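One letter stands for each residue in the lines below.
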Amino acid sequence: MKSKFSLRAAKPKMKALPTPSGPVRFGLIGLGIMGTAHAKSFLEGQVSGAELVAVADRVSNLKQRYPKQRTFTSGEALIASGEVDAVLIATPHYAHTSLGIAALKAGLHVLVEKPISVHKADCEKLIAAHRNRKQVFAAMFNQRTDPYYRKLRELLTSGELGQVRRINWIITNWFRSEAYYTSGGWRATWAGEGGGVLLNQCPHNLDLWQWLFGMPKRVRAHCTFGRYHRIEVEDDVTAYLEYANGATGVFITSTGEAPGTNRLEVTAERGKVVIENNEFRYLRNEIPMSEFSRTTRERFAAPPIWEVKIPFPNHGGQHLEIIQNFVDAIRLGKPLIAPAAEGIHSVELANAMLYSSARKETLSFPLNSSAYAQWLKRKAANSISVKAPAL
């Protein structure tokens, strides 16, 4: 059921990068909410084997905030400086592609915030720029560190759950106020962000969806634009997904509901898993449901079940674990938790949901990346808000 994206790149022309003998010299591009949080992790010594040596942003007090770091007013200047071994890109979304490509071409290791690009065609360009496999290229999909989702993936990949029949994910605890959306001219605009809840909040959930269940065969989505806020992009989504094996899924998300819900329910042959309110419940059928249906003589019977609750002390290392894993991949050759090339799947899911809603029809995968890029370009051309300049 899992489908993989592969893009053949030309053989690398660069020389293999040497493993840093000392700490990995990091450059951080973009000092907004997430960039500032990442910088704090470095400055407080939470990242082993790395140091923050350079930052880039257009804010006027950058040198005051980071007196010990080299400061730049553009990401391109930082990349070209020769001061860093690796960059972490935490800019508005559209710049992820251009800055990521520039950093890869400069021979740097790259960690990019989600989404890796705004649309699938840009994802393809960014992934194609990763020619030298000695360069570590990762994405900030921190939810992959969560033991709740790791355990579900283990149950799925091991075959313990059996074939998946239905997936329901209600993820509406992304509530955002009007003040949030007015905090930056690029937010919730086609020109500045490329979408709403699907491109900003839900890349994590969409990444987990494809990581756990693979890519679907078809999708039909209904997106409401500015239902709860004075914005031009989607803040309410309901999508129906179909898989080649007959499994179906419903994905519901919004930034306008309070209190919100985060409930993932997976029904499979061996039973049902529910993840909600910091609880992992596994209702396991003693006999797979299809087998029971075929063999029982009872008309109203159902398989007997075991109820299992799996406790977890926390939700994993999150952003810090992804950064540390990235550093360890550079220095020690450890496998990545979230390779950037896998970031195309969550972007394709988001794009397909928006495009399905716009066209009012069911779409098949793979998504026509060129057609979607042209549609988005037209939306951005008529965007009513200010596009944030790339760093």
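What you are looking at is a predicted structure, and each value in this text was computed from that prediction instead of being measured.

(A) Local environment of the packing of aromatic side chains. Across all of its chains, the model carries 14 aromatic pairs by this definition. Between F26 and F326 the ring centres are 5.8 Å apart and the planes differ by 65°, which places this aromatic pair in the edge-to-face class. Of this pair, F26 sits in strand β1 (residues 24–29) while F326 sits in helix α10 (residues 318–332), and the two are 300 residues apart along the sequence. For F26, a relative accessible area of 0% translates into the label buried. Where Y180 meets Y181, the ring centres are 5.1 Å apart and the plane angle is 80°; that geometry is what we call edge-to-face.

(B) Broad picture of the sheet that holds strand β10 (residues 248–254). Overall, mixed pairing links the nine strands, which are arranged β14-β13-β12-β11-β7-β10-β9-β8-β15 in an open sheet. Each edge of the open sheet carries a strand with a single partner, namely β14 (305–310) and β15 (363–364). One ladder, built from seven bridges, connects strand β7 (residues 164–171) with strand β11 (residues 262–268); its direction is antiparallel. In the sheet register, R166 faces β11, and the bridge partner there is T267. Helix α6 (residues 147–157) contacts β7, β11, β12 (271–276), β13 (279–285) and β14 of the sheet and is inclined by roughly 20° relative to β13. Packing of helix α8 (residues 203–213) onto the sheet brings it into contact with β7, β9 (234–242), β10 and β11, and relative to β7 it is tilted by some 170°.

(C) Inspection of the confidence of the model for the chain at higher detail. Per-chain confidence: the chain averages 93 in pLDDT, with 93% of residues scoring 70 or above. A low-confidence stretch, residues 1–16 (pLDDT under 50), is modelled with 35 contacts involving residues beyond four sequence positions or located in other chains.

(D) A look at the sheet that holds strand β2 (residues 50–56). Overall, parallel pairing links the six strands, which are arranged β3-β2-β1-β4-β5-β6 in an open sheet. Looking at which strands have only one partner, the edges of the open sheet turn out to be β3 (70–72) and β6 (137–139). Averaged over all neighbouring strand pairs, the angle between strand axes comes to 25°, with direction disregarded. Sheet topology note: the β2/β3 ladder contains three bridges and is parallel. Following the sheet pairing, V55 is matched in β3 by T71. Against the sheet, helix α1 (residues 33–43) engages β1, β2 and β4 (86–89), with an angle of about 145° to β2.

(E) Quick look at the side chain of H204. Along the chain, the position of H204 falls in helix α8. Apart from residues no more than four positions distant in its own chain, H204 is found in contact with K114, M140, F141, N142 and Q143.

(F) Structural detail: the pairing of β7. Examined bridge by bridge, β7 and β10 share six bridges and lie parallel to one another. Of the residues in β10, the one forming a bridge with W169 is F251.

About the thresholds
- Residues numbered from 1 in each chain as written.
- Predicted model: local features only at pLDDT ≥ 70, side-chain atom pairs only at ≥ 80, totals over all residues.
- Heavy atoms only, no water.
- Phe/Tyr/Trp six-rings, centres within 6.5 Å; stacked < 30°, edge-to-face > 60°.
- Helix = DSSP H or I, 4+ residues; strand = E, 2+ residues; numbered from the N terminus.
- Buried < 20%, exposed > 50% of the residue type's maximum accessible area, 1.4 Å probe, protein only.
- Pairing = 2+ DSSP bridges.
- Contact = heavy atoms within 4.5 Å.
- Axes fitted to C-alpha atoms, helices over the stretch in contact; angles between N-to-C directions.
- pLDDT = per-residue confidence, 0-100.

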